[in-house]
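# Residue-level structure breakdown
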Amino acid sequence: MSDEIALISREKLPDALRVLLADYPRDAWQNDPGFDGLIRFWLDRHLMFRRLMAEMSSITDKLLDRKLAPDQFAANLSRYGGMFVNGLHEHHTIEDSVYFPKLMQKDKRISRGFDILDADHHALDEFLASFVTSANAVLQASGPRDALQDNAGAFQSELARLEKLLNRHLVDEEELVVPVLLRYGSRDFG
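Quick notes on the rules
Residues numbered from 1 in each chain as written. Predicted model: local features only at pLDDT ≥ 70, side-chain atom pairs only at ≥ 80, totals over all residues. Heavy atoms only, no water. Salt bridge = Lys/Arg side-chain N within 4 Å of Asp/Glu carboxyl O. Buried < 20%, exposed > 50% of the residue type's maximum accessible area, 1.4 Å probe, protein only. pLDDT = per-residue confidence, 0-100. Helix = DSSP H or I, 4+ residues; strand = E, 2+ residues; numbered from the N terminus. Phe/Tyr/Trp six-rings, centres within 6.5 Å; stacked < 30°, edge-to-face > 60°.

### A look at the pattern of salt bridges
Applying the stated rule across the entire model yields 13 salt bridges. Between Arg18 and Asp15 there is a salt bridge, and its shortest N-O distance comes to 4.0 Å. Assessed through its relative accessible area of 54%, Asp15 is described here as exposed. Between Arg109 and Asp107 there is a salt bridge whose closest N-O contact spans 2.7 Å. We classify Arg109 as partly exposed; its relative accessible area is 45%.

Right, here's the structure in full:
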């Protein structure tokens, strides 16, 4: 995959893949008669991932500022981190095995975009593994509070890196998927 479309360096999908977005701009989605349950569900899942990341960032900030006890932080991070990682893996699996194959058949002009999104999922797996390792380092930190603070600082950096990449992926996915569903409907997605 070329550097310009690789998740780590991409600023947006190539214009040739954003052709439907011109006809279905983001700010008009909710007013479109085709804005149905599947689209709402999809966008809600993306919002949930963004909220979980924001919550993990918030609790890490509070821990670093000594405004949250380590045991409360650990309980929250375990809960939010587990929901985030498990939910994201499940979401990507369903997209790769069910939704993307159907969506790419709807409009051949943008089918390559689904290959890019699939490649993003594989790239994100590596960043998720690093995120899990970093989260576990904080959760397993023992000894003086300074060791916990150091691990929490490293985790916050890892979280910020993952958040940037995931947001890029989610925006690109939304701007590819939603216009396809608005144009062609979602009747065959059950």
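Still more ground to cover, so stick around.
### So, the confidence of the model for the chain
Residues at a pLDDT of 70 or more form 95% of the chain, whose mean pLDDT is 92. Of all secondary-structure elements in the chain, the lowest mean pLDDT belongs to helix α5 (residues 145-184), at 92, while helix α2 (residues 37-64) reaches the highest, 96.

### A word on the packing of aromatic side chains
For the coordinates displayed, the defined rule picks out five aromatic pairs. Taking the centre distance of 5.3 Å and the plane angle of 50° together, the rings of Phe100 and Phe114 count as tilted. Of this pair, Phe100 sits in helix α3 (residues 70-106) while Phe114 sits in helix α4 (residues 111-139); the two residues are 14 residues apart in sequence, bridging distant segments of the chain. Looking at Phe114, the relative accessible area reads 1%, which means it is buried. Between Phe131 and Phe155, the ring centres sit 5.5 Å apart and the planes meet at 45°, which makes this aromatic pair tilted. Of the two residues, Phe131 sits in helix α4 while Phe155 sits in helix α5, which places them 24 residues apart along the sequence. Of the two residues, Phe131 and Phe155, both sit in the buried class.

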